[in-house]
Amino acid sequence: MESYLQDWLNLIFRWLHVTAGIAWIGASFYFNWLEGRLEKAPQAKQKKGIKGELWAVHGGGFYEINKYHLAPEKMPETLHWFKWEAYVTWLSGFGLLAIIYYWGAESYLLTPDSPLSSASAIAISAFSLLMSWLVYDFLCRTPLFNNEKLFSAVLFGLIVFSAWGYAQLFSDRAAYIHVGALIGTLMVGNVFQIIIPSQRKLVDAAERGDSSFDPAIAQHALLRSRHNNYFTLPLLFIMISGHYPMTYGHDWNWAILAALSLAAILIRHFFNRRNQGAVLTWLWPTAAVVMLSLAFVIRPQVAPLPEVAEQPAFDEKAIVEIVTSRCSTCHAAQPTDPLFQAAPGGLIFDDYESIASKADKIYSQAVLTQIMPLANRTDMTEEERQLLGQWYQQLKSEGNDSLKVSMN
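Because the structure is a prediction, the values reported are computed rather than measured.

Each value, and the rule that gives it
Residues numbered from 1 in each chain as written. Predicted model: local features only at pLDDT ≥ 70, side-chain atom pairs only at ≥ 80, totals over all residues. Heavy atoms only, no water. Salt bridge = Lys/Arg side-chain N within 4 Å of Asp/Glu carboxyl O. Helix = DSSP H or I, 4+ residues; strand = E, 2+ residues; numbered from the N terminus. Buried < 20%, exposed > 50% of the residue type's maximum accessible area, 1.4 Å probe, protein only. Pairing = 2+ DSSP bridges. Core = buried A, V, L, I, M, F, W, Y, C linked by side-chain atoms within 4.5 Å. Phe/Tyr/Trp six-rings, centres within 6.5 Å; stacked < 30°, edge-to-face > 60°. Lys NZ or Arg CZ within 6 Å of the ring centre and 35° of its normal. Contact = heavy atoms within 4.5 Å. Patch = residues over 30% accessible without salt bridge, like charges linked within 9 Å, V, L, I, M, F, W, Y side chains within 5 Å. Areas by Shrake-Rupley, 256 points an atom, 1.4 Å probe, with all protein chains shown as cover. Polar contact = N/O pair within 3.5 Å; in protein donor to acceptor, adjacent residues only side chain to side chain.

Participant: How should I be thinking about the pattern of salt bridges in this particular structure?
Facilitator: Tallying each qualifying case throughout the model produces six salt bridges. In this structure, Lys67 and Glu35 form a salt bridge, with 2.8 Å as the shortest nitrogen-oxygen distance. Here Lys67, found in strand S3 (residues 61-68), pairs with Glu35, found in helix H1 (residues 2-37); they are 32 residues apart in sequence, far enough to count as distant. In this structure Lys67 comes out as partly exposed when scored by relative accessible area, which is 28%. Taking relative accessible area as the criterion, Glu35 reaches 26% and is therefore assigned partly exposed. Lys45 is paired through a salt bridge with Glu53; the nearest N and O atoms lie 2.6 Å apart. According to the relative accessible area criterion, Glu53 is buried, its value standing at 12%. Each of the salt bridges in this network shares a partner with another, and the network as a whole consists of Lys45, Glu53 and Glu64.

Take a look at the structure:
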């Protein structure tokens, strides 16, 4: 029942997290687009304090949008705020972190040979998220913040260093998720500590008719919002990275994440600058070169297939014994592993035919990336992995074209 309850909590929090995240990131993209597309307001509107305007058509109607230098002469009765999307995204994300990686710390958070206890690992996890915000917020209040390029380089370097640190402490997948949690913490911290408070000050000043409001406060909040905008694409990759063990399962997983994040930031910068009227075409091929170079560098290093005549004869029973003893605790019609009520991915290995039909999956995840068995809870040996690799190569050399190495 504990596993069943965990599955339902996982489902509810993940659904909530994705839904709120779409709303938050969608609002971020829209308002950054809006900021870049505003045109100078006509003279008549400028006299009313309007800084820029924009016309749009959507859903069968026209929209006229105006942005004030600070605030209108008279506040409207209804003013829409954008904050709960951010708060719900972070809270549901932290809930997922607790449900998956804290509740199942020994299986998901830590590696089998980790010297850390579950309690220590959870404490490090939570403390690192708090410290990440404190360090980032401190840097944003130093003169470094005024040098946009240098600040961006320092911030990127610190996040990469955090990714390396997480990779030393936690399991591969947990390391990636923690980088995502760190970025999400910086983003929601910006909303909760900077953006919303600055907007409250602006609204309060407008309601009092106080014209002495410091526009630098609003400008600082705008820059923090822009940071959030650049964070979004790396964060979205981390959210889907669980489908790509070729990234997080690699020995250099933290460097791979850095390269993918750099490509994502370049693409985001292209759109942000285009919205401002500057088309930096070179950013696309640069991002493509980064991605293609990465794909080449981390490609699987597969040993040449031996000649058919020299291939060892494999005992099907030996292969079945390895897979059923090491993998079928989870991948069975009735899993014996308490973490699962049903076989993950619907993969059931109960005889040679079912094993051979998924030889590509077994090879990629147990031999190439070695991310399975999960946290190696069943103690699969290197000799067994090598035997599975040789078995797979023999199947390939025998001309079974249905076998294709899948890294997903």
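Participant: I keep staring at the pairing of S3 and nothing clicks. Help me out?
Facilitator: A regular strand places its side chains so that they alternate between the two faces of the sheet. One ladder, built from eight bridges, connects strand S2 (residues 50-58) with S3; its direction is antiparallel. In the strand pairing of S3, Val57 is matched with Phe62.

Participant: Looking at this model, I keep getting lost on the nonpolar core. Mind explaining?
Facilitator: One broad rule of soluble globular proteins: the nonpolar side chains tend to lie buried together. Of all hydrophobic cores here, the largest spans 62 residues; its most connected members are Tyr101, Leu109 and Val179. Counting residues per element, the ones that place at least two in this core are helix H3 (84-102), helix H4 (105-109), helix H5 (118-140), helix H6 (148-169), helix H7 (172-208), helix H8 (215-240), helix H10 (253-275) and helix H11 (283-297). The element best represented in this core is H7, accounting for 14 residues. Counting residues in each nonpolar core, the second largest holds 19 residues, with Val323, Tyr363, Ala366 and Leu395 among its members.

Participant: Help me understand the environment of Gln334 in this model?
Facilitator: Its place among the elements puts Gln334 in the loop between helix H12 (316-326) and helix H13 (352-356). As a C-alpha pair, Gln334 and Val18 span 316 residues in sequence and 30 Å in three-dimensional space.

Participant: How do you make sense of the packing of aromatic side chains when you look at a structure like this?
Facilitator: The geometry of two aromatic rings is summed up by the distance between their centres and the angle between their planes. This structure, assessed with the given rule, holds 21 aromatic pairs. Note on Tyr363 and Tyr392: the rings are 4.2 Å apart at their centroids and 5 degrees apart in plane angle, and the pair reads as stacked. Residue Tyr363 is found in helix H14 (residues 359-368), and its partner Tyr392 is found in helix H15 (residues 382-397); the two are separated by 29 residues along the sequence. This pair shows no difference in class: Tyr363 is buried, exactly as Tyr392 is. One aromatic cluster in this structure is built from Tyr30, Phe31, Trp33 and Phe82. A cation over a ring is seen here: Arg268 above Phe29, with NZ or CZ 4.3 Å from the ring centre.

Participant: Would you mind going over the pairing of S2 with me for this structure?
Facilitator: The sheet contact formed by strand S1 (residues 39-40) and S2 spans two bridges and is antiparallel. Opposite Glu39, over in S2, you have Glu53 as the bridge partner. Linking S2 to S3, which pair antiparallel, is a turn of two residues; within it Gly59 sits at a positive phi near 60 degrees.

Participant: Can you walk me through H14 in this structure?
Facilitator: Note that an α-helix has 3.6 residues per turn; residues three or four places apart therefore point the same way. For H14, the tally of buried residues reaches eight of ten residues, placing the bulk of the element in the interior. Along H14, the positions that sit buried rather than exposed are Ala359, Asp360, Ile362, Tyr363, Ser364, Gln365, Ala366 and Val367. Those residues of H14 hidden inside the fold are in contact with helix H9 (245-248), H12, H13 and H15.

Participant: Would you explain the sheet that holds S2 in this entry?
Facilitator: For sheets, the rule is that strands pair by backbone hydrogen bonds, running either parallel or antiparallel. One open sheet accounts for three strands, arranged S1-S2-S3; its pairing is antiparallel. Edge positions in the sheet fall to S1 and S3, since each of these pairs with one other strand and no more.

Participant: Looking at this structure, I do not really get a nonpolar patch on the surface. What am I missing?
Facilitator: Taken together, Phe127, Leu130, Met131, Leu134, Val135, Leu150, Val154 and Leu158 make up a surface patch of nonpolar side chains, about 650 Å² in accessible area. If you list the elements that add at least two residues to the nonpolar patch, you get H5 and H6. Counting residues per element, the nonpolar patch draws most heavily on H5, which supplies five residues. Turning to its location among the elements, Phe127 is positioned in helix H5. Among the residues examined, Phe127 registers a relative accessible area of 52% and is labelled exposed.

Participant: Please explain the side chain of Thr89 as it appears in this structure.
Facilitator: Position of Thr89 among the secondary structure elements: in helix H3. Polar contacts involving the side chain of Thr89 include one to the main-chain amide nitrogen of Gly21, which spans 3.2 Å. Excluding residues within four positions of it along the chain, Thr89 makes contact with His17, Ala20, Gly21 and Trp24.

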